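Report on the structure
Residue strings, one per chain:
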Amino acid sequence: MSLRTLRISLWGLVAVAALGLAAYFFLGRATPTQIEATPYGAPFVLTSSDGTRFDSAKLKGRPHAIFFGFTHCPDVCPTTLARLAKLRKQLGKGDEAFDIVLISVDPERDTPAELSTYVSMFNTPVVALTGTTNEIAAVTKSFGIFAEKVPDGAGGYTVDHSSQVLLFDRAGNFAGTIAIDETDPPALQKLRNITDF
Amino acid sequence: MRTLLAPFAALSLVACATEPPSITVTEPVVRITPSGGAGYFTITNAGGPDRLLRAEVPAMGPAMIHETSMDGGIMRMRHVEAVDIPADGTVRFERGGKHVMIGAGAAPLKPGGTTEMRLTFEKAGVLRTDARVEGAGGDSQGHAP
């Protein structure tokens, strides 16, 4: 065997291994058996966009996708919410299939009224929650969410924050995340997993 | 094939640093939210290098160029002073990347229409384009940052 053919066959092996790993991550992770039932986040009471108090116990028995964001976030937050709305439509089980929950990481600006106007733009039911700075800090901490106010360069501020969508099944068990750069097929499979019974 | 491509390769070397930029802006979109919105577009340059200094939507509030980046799952948004437009290059302002962060105007824009967008370049000057106005729940095509 010449060095050249040896090199080619070795690279071939590398490619096969990479494909195998990719298949494991993309396919393996999406199967229901791989999902661990880990308790995640603590129960909370926040304020809903209709101004009423919202107890997380209301989510019991309902699969849900929690996303942390804020209404003054022009790029990633609307993109994520619109995507969740689109995926829920693609799932074809109606708006009741799973709840889309937005928790504000900007409680100073995100009043219930502000949240209400914001979520109405998505033409789909969204549970939008805000609270006092302390309440929000407690929730982000319990869900392991990073959120930090930073100057926006024009006298205002923006909020850097964890961007992943947290998935919970009907029993309230943490069932994985959807990353912002994840393609639709695995994201849809994960949503199918929390809504199939 | 190689001989076929050679003239194109030579052409691509034509634009040098001293040549004026030749800029076109395509797919301009303003996606609105109650607090303002975000502007997206593609800049194609068929000439020498330039820089984008400002992007504004007169019908809306103050605007600035921002860039979203991902850092271990954490979304960070930063103000960018100016954006280099390389010679014969394409720069995309897109979801999850560079975008114009725009404040709310006196009267909210309606999705479905168009609104003027002004891009100010160091050399090419002010370029006006009509941007499509899209609601927050509109085109949700995500983009990998």
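Structure's up top.
Note that the structure is predicted; figures quoted are calculated from it, not measured. The residue count restarts for each chain, going from 1 along the sequence in the order it is written. Following the order in which they are written, the chains are lettered starting with A and the ligands numbered starting with 1. Note on the predicted model: pLDDT of at least 70 is required for a residue's local features to be given, and 80 or more for side-chain atom pairs to be given and counted; whole-chain, interface and lining totals, by contrast, use all residues. Note that the side-chain values use all heavy atoms of the structure and ignore hydrogens as well as water.

**Notes on the state of the cysteines**
All names here are of chain A. By disulfide we mean two sulfur atoms from cysteines, separated by a distance within 2.5 Å. Inspection of every chain in the model, using the stated rule, returns one disulfide over all chains. The disulfide partner of Cys73 is Cys77, and the S-S distance across this bridge is 2.3 Å. For the disulfide bridge between Cys73 and Cys77, the dihedral angle about the S-S bond is near 95°, and by the sign convention the bridge is right-handed. Cys77 matches Cys73 in its accessibility class, with the two residues each being buried. The cut-offs for exposure are 20% and 50% of the maximum accessible area for each residue type, with area from a 1.4 Å probe on protein chains only; residues under the lower value are buried, those over the upper are exposed, and the others partly exposed.

**Thoughts on the packing of helix H2 (residues 76–91) of chain A against helix H5 (residues 184–195) of chain A**
Residues and elements named next belong to chain A. Between N-to-C directions, angles span 0 to 180 degrees; the directions come from axes that are lines fitted to C-alpha atoms, helices contributing only their stretch in contact. What counts as a helix is a DSSP run of H or I of at least four residues, what counts as a strand is a run of E of at least two, and both are numbered from the N terminus. As a packed pair, H2 and H5 sit with axes 10 Å apart at the nearest point and diverge in direction by 65°. Considering the relative orientation of H2 and H5, their crossing is right-handed. For the pair H2 and H5, the contacting residues are Arg83, Lys86, Leu87, Gln90 and Leu91 in the first and Asp184, Ala187, Leu188, Leu191, Arg192 and Thr195 in the second. Amino acids are sorted into nonpolar (Ala, Val, Leu, Ile, Met, Phe, Trp, Tyr, Cys and Pro), charged (Asp, Glu, Lys and Arg) and polar (every other residue, Gly among them). A class-by-class count of the residues in the contact of H2 with H5 yields five nonpolar, two polar and four charged. Handedness of a crossing follows from how the near helix is turned relative to the far one, being left-handed for an anticlockwise turn of less than a right angle and right-handed for a clockwise one. Between two residues, a contact is recorded if the distance between any of their heavy atoms is within 4.5 Å.

**Section: unusual backbone geometry**
All names here are of chain B. The backbone phi angle of Glu27 is positive, close to 50°, even though this residue is not glycine. For Glu27, the location among the structural elements is in strand S1 (residues 23–33). The class of Glu27 is exposed, set by a relative accessible area of 60%. Phi angles above zero are rare outside glycine, and Asp88 is one such case at about 50°. On the secondary structure map, Asp88 appears in the loop between strand S6 (83–85) and strand S7 (90–93).

**Points about the nonpolar core**
Among the nonpolar cores identified, the biggest contains 54 residues, and Phe44(A), Phe68(A), Ile103(A) and Phe143(A) are the most heavily contacted of them. Tallying contributions element by element places H2(A) first for this core, with seven residues. Excluding residues that lie within four positions of it along the chain, Phe44(A) makes contacts with Phe54(A), Asp55(A), Ser56(A), Leu59(A), Ile103(A), Leu129(A), Val139(A) and Phe143(A). For this analysis, a nonpolar core means a set of buried residues of the types Ala, Val, Leu, Ile, Met, Phe, Trp, Tyr and Cys, connected via side-chain atoms within 4.5 Å. Residues Val30(B), Val80(B), Met117(B) and Phe121(B) belong to the second largest nonpolar core, which totals 24 residues.

**Here's the deal with the pattern of salt bridges**
Each reported salt bridge corresponds to a side-chain nitrogen of Lys or Arg within 4 Å of a carboxyl oxygen of Asp or Glu. Considering all chains together, one arrives at 21 salt bridges over all chains under this definition. A salt bridge links Glu108(A) to Lys149(A); the shortest N-O distance between them is 2.9 Å. One end of the pair, Glu108(A), is in the loop between strand S4 (99–104) and helix H3 (112–120); the other, Lys149(A), is in strand S6 (residues 147–151), with 41 residues separating them in the sequence. Across the pair Lys98(B) and Glu67(B) runs a salt bridge whose closest N-O atoms are separated by 3.8 Å. One end of the pair, Lys98(B), is in strand S8 (residues 98–103); the other, Glu67(B), is in strand S4 (residues 63–71), with 31 residues separating them in the sequence. Accessibility expressed as a relative area gives 22% for Lys98(B), which makes it partly exposed. Ionic contacts of the salt-bridge type, sharing partners, join the residues Asp160(A), Asp71(B), Arg76(B) and Arg78(B) into one network.

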